[in-house]
Amino acid sequence: MHNSTEFRPLFGLHTGTYRLTSILTGDLSGDGMDWEKSGQSWGARGRDWADRQERLGINAFSMVLAHTGVRYGTKILDIACGSGLAVDRAIALDAHGAGVDASEALLEIARERTPSAHFVRSPMDALTFEDESFDVVVSFTGLQFCGESAFSEAFRVMKSGATLERSCGTDM
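This report concerns the structure included in the present document. (Residues numbered from 1 in each chain as written. Predicted model: local features only at pLDDT ≥ 70, side-chain atom pairs only at ≥ 80, totals over all residues. Heavy atoms only, no water.)

With respect to the secondary-structure elements, Thr-74 resides in the loop between helix H4 (58–67) and strand E3 (75–79). For Thr-74, a relative accessible area of 7% puts it in the buried group. (Helix = DSSP H or I, 4+ residues; strand = E, 2+ residues; numbered from the N terminus. Buried < 20%, exposed > 50% of the residue type's maximum accessible area, 1.4 Å probe, protein only.)

Following this line, the structure appears as structure tokens:
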């Protein structure tokens, strides 16, 4: 795990090097929504989400991809990727994209939408990727519902000097 890394909230509101513990107020893993139940809830109307709601975030996705410098060859991971629209936009920029989510129903849509990306069902705090695999890690409305262990995993899969960008619903 990296002891510190650059953390830039959406639109660069704060830039600097922070220790992981300064980002978090504590381990919320016991207080958040159960991972399995979350996947079932989000997937229950996954097609509706993908066709109607998710598209409302496309401007935020595009801004984050530009802000983090995603381009040809960038390796990007979207944590809580849903139906994969942000990864799809990254692939359109010739990046190499991957996404993880709790909902198999949403991941099926993501795989249909962007077959060249790698999508896996995985909890945020137990990512199935090797250490230092990604140049950019993003999460749109996902990491705010997790605890320290999920942030630790995000930092573990980030290359040295990589960027973690997360946003909350109020940012989108």
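Resuming the write-up.
With that out of the way, let us pick up the environment of Val-100. Note on placement: Val-100 falls in strand E4 (residues 96–101). Taking the relative accessible area as the measure of exposure, Val-100 reaches 1% and is therefore buried. Those residues in contact with Val-100, other than ones at most four positions away along the chain, are Leu-77, Asp-78, Ile-79, Ala-80, Cys-81, Val-120, Ser-122, Leu-127 and Phe-129. (Contact = heavy atoms within 4.5 Å.)

Here we come to the packing of aromatic side chains. Taken as a whole and assessed by the stated rule, the structure comprises 2 aromatic pairs. A ring pair is formed by Phe-61 and Phe-140, whose centres lie 4.6 Å apart and whose planes are at 70°; its orientation type is edge-to-face. Of this pair, Phe-61 sits in helix H4 while Phe-140 sits in strand E6 (residues 134–140), and the two are 79 residues apart along the sequence. The same class applies to Phe-61 as to Phe-140, namely buried. With a centroid separation of 5.1 Å and an interplanar angle of 85°, the aromatic rings of Phe-129 and Phe-134 are classed as edge-to-face. Phe-134 carries the same exposure label as Phe-129, and that label is buried. (Phe/Tyr/Trp six-rings, centres within 6.5 Å; stacked < 30°, edge-to-face > 60°.)

Before going further, it helps to spend a moment on the pairing of E6. Along E6, 6 of the 7 residues are buried, which leaves the element largely enclosed by surrounding structure. Judged from the 6 bridges that link them, E6 and strand E7 (residues 158–167) form a sheet pairing that is parallel. Across the sheet, residue Val-136 finds its bridge partner in E7, namely Thr-163. (Pairing = 2+ DSSP bridges.)

With that settled, the discussion passes to the environment of Arg-71. Tracing the sequence through the fold places Arg-71 in the loop between H4 and E3. Sequence separation between Arg-71 and Ala-95 is 24 residues; the distance between their C-alpha atoms is 5.5 Å. Contacts of Arg-71, omitting those with residues within four sequence positions, involve Leu-93, Asp-94 and Ala-95.

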